[in-house]
Amino acid sequence: MDMPSSAVSEIPNATSAAIAAHIANALRAAIAERGQASLAVSGGKSPIPVFEALRGQVLDWSRVTVVLVDERVVPHGHADSNTGLVQRHLLQGAAAQARFLPFFGEITPQLTAVVLDTLVDDATARIDPLPWPLDVALLGMGEDGHTASLFPGAAGFARAMATDEQLAWVVSDTAPHARLTFTLHALLSARELLLALAGEAKYAVYRRAREQADVALPVSLVLNQDRTPVSVWLG
Ligand SMILES: O=C(O)[C@H](O)[C@@H](O)[C@H](O)[C@H](O)COP(=O)(O)O
């Protein structure tokens, strides 16, 4: 199946070690060129072996800023927190020297929808001062074609896909937790995107998403664009 030309390159039989090595090289290059590097990462299960391979990479972690592309609206100590995931699996050993900017500060379990909007301001206040564009962003994909927390049809989704005036938005009716996510605009403003996925179900969705941009498959808007180089690592 010939795919439309775009900024996408595919790496078949990808290993977590290979993904981690690629990210580390990009961070080293950014540090060499600009004296600092920034990395945005996803949550979920797939990135865990990549985080564990990446933290062992030799680079000047004190010059690296790590942020999340999305977060579940739960306290950082909650099992579903992406902040906790990154702290447990990536920010260990030498990588603990990296500057980590959680998506938002500590929150109480009594968070309400009214407060959610203030989290967007909190997230933007933390992330916007970053030296944009981010150097590298590691994305995953769900079997519904979502990436980051851009969930088709969820409240806040349309705005997160359309806006170019801010970086983060609330996708508030995703179960079991509300979420905050980078907007599509923020994702595409990275210098380089890596999309890592594995399994037949995800391959099938990925192939469909490569065919054309379709907002019902948010990952397709990452794949069918010629603004940001995307490497797809097929595990
Ligand atoms: O916070 C999250 O859950 C991620 O940012 C999300 O976009 C993830 O990448 C996909 O849901 C795939 O998750 P798995 O890697 O667990 O399949």
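Residues numbered from 1 in each chain as written. Predicted model: local features only at pLDDT ≥ 70, side-chain atom pairs only at ≥ 80, totals over all residues. Heavy atoms only, no water.

A.B. asks: An account of the overall build of the protein chain is requested, with residue identities and associated values reported.
C.D. replies: The helix and strand tally for the protein chain stands at eight helices and ten strands. Expected size for 235 residues packed as a compact globule is a radius of gyration near 18 Å; at 17 Å, the protein chain falls within 12% of this value. Overall, the protein chain is about 50 × 40 × 30 Å in size when its C-alpha atoms are taken along their principal axes. For the protein chain, the residues scored as buried account for 53% of the 235 residues in total. In the protein chain, of all internal contacts separated by at least 6 residues, the share reaching a separation of at least 24 is 74%. Accessible surface, the protein chain: about 9800 Å² in total, of which carbon and sulfur atoms supply 54%. Within the protein chain, the 24 negative side-chain charges are centred at a point lying 6 Å from the centre of the 17 positive side-chain charges. (Helix = DSSP H or I, 4+ residues; strand = E, 2+ residues; numbered from the N terminus. Rg over C-alpha atoms; globule rule 2.2 N^0.38 Å. Buried < 20%, exposed > 50% of the residue type's maximum accessible area, 1.4 Å probe, protein only. Contact = heavy atoms within 4.5 Å. Areas by Shrake-Rupley, 256 points an atom, 1.4 Å probe, with all protein chains shown as cover. Lys, Arg positive; Asp, Glu negative; His and termini not counted. Charge placed at Lys NZ, Arg CZ, Asp CG, Glu CD.)

A.B. asks: Go over the sheet that holds strand β4 (residues 70-72), please, and point to the residues and values.
C.D. replies: As summarised here, the arrangement of the three strands in space is β4-β8-β7, forming an open sheet in which the pairing is antiparallel. Edge positions in the sheet fall to β4 and β7 (168-171), since each of these pairs with one other strand and no more. On average, adjacent strands in this sheet sit at an angle of 20° to one another, irrespective of strand direction. In this sheet, strand β8 (residues 179-182) lies alongside β4 in antiparallel orientation, the contact comprising three bridges. Looking across to β8, one finds that D70 is bridged to T181. (Pairing = 2+ DSSP bridges. Axes fitted to C-alpha atoms, helices over the stretch in contact; angles between N-to-C directions.)

A.B. asks: I'd like a description of the site of the ligand, backed by residues and values.
C.D. replies: Not every one of the 15 residues close to the ligand is listed here, only the nearest: S46, R72, H146, A148 and K202. Within the side chain of H146, one N or O atom sits 2.7 Å away from an oxygen atom of the ligand. Relative to its unbound accessible area of 410 Å², the ligand is 88% covered by the protein chains. For the shell around the ligand, the residue count by class is two nonpolar, eight polar and five charged. (Near = heavy atom within 4 Å. Polar contact = N/O pair within 3.5 Å; in protein donor to acceptor, adjacent residues only side chain to side chain. Nonpolar A, V, L, I, M, F, W, Y, C, P; charged D, E, K, R; others polar.)

A.B. asks: Report on the nonpolar core, specifying residues and quantitative values.
C.D. replies: Counting 84 residues, the largest nonpolar core has I23 and F182 as its most contacted members. The dominant element in this core, judged by the number of residues it contributes, is helix α1 (residues 16-34), at eight residues. Setting aside residues up to four positions removed in sequence, I23 forms contacts with L39, V50, L54, V136, L138 and L194. (Core = buried A, V, L, I, M, F, W, Y, C linked by side-chain atoms within 4.5 Å.)

A.B. asks: Give a description of the pattern of salt bridges that names residues and reports values.
C.D. replies: As a working rule, side chains carrying opposite charge can pair if their charged atoms are close by. Under the definition given, this model contains eight salt bridges. A salt bridge links D60 to R63, with the shortest nitrogen-to-oxygen separation between them at 3.0 Å. A relative accessible area of 33% places D60 in the partly exposed class. Overall, the relative accessible area of 40% leaves R63 in the partly exposed class. With its nearest N and O atoms 2.9 Å apart, the salt bridge here joins R126 to D122. (Salt bridge = Lys/Arg side-chain N within 4 Å of Asp/Glu carboxyl O.)

A.B. asks: Please provide a residue-by-residue account of the sheet that holds strand β1 (residues 8-11), values included.
C.D. replies: Strands sit in the order β1-β10-β9-β6-β2-β3-β5 across an open sheet of seven strands; the sheet is parallel. Each end of this open sheet is capped by a strand with a single partner; those strands are β1 and β5 (99-101). With strand direction ignored, the average angle separating the axes of adjacent strands in the sheet is 20°. Bridge count between strand β6 (residues 136-139) and strand β9 (residues 192-197): four bridges; the pairing is parallel. Paired with V136 across the bridge in β9 is E192.

A.B. asks: Go over unusual backbone geometry, please, and point to the residues and values.
C.D. replies: When glycine is set aside, most residues are seen to have a negative phi, and most peptide bonds are trans. A cis amide bond, omega -5°, links A175 with the succeeding residue P176. One non-glycine residue, N13, lies in positive phi territory at about 50°. The topology assignment puts N13 in the loop between β1 and α1. Even without being a glycine, A148 presents a positive backbone phi close to 50°. Structurally, A148 can be placed in the loop between β6 and α5 (157-162).

A.B. asks: Lay out the side chain of S220 in plain terms, naming residues and giving numbers.
C.D. replies: You can see S220 is positioned in helix α8 (residues 218-223). Judged by its relative accessible area of 0%, S220 is buried. Not counting residues up to four positions away in its chain, the partners in contact with S220 are A209, Q212, A213 and D214.

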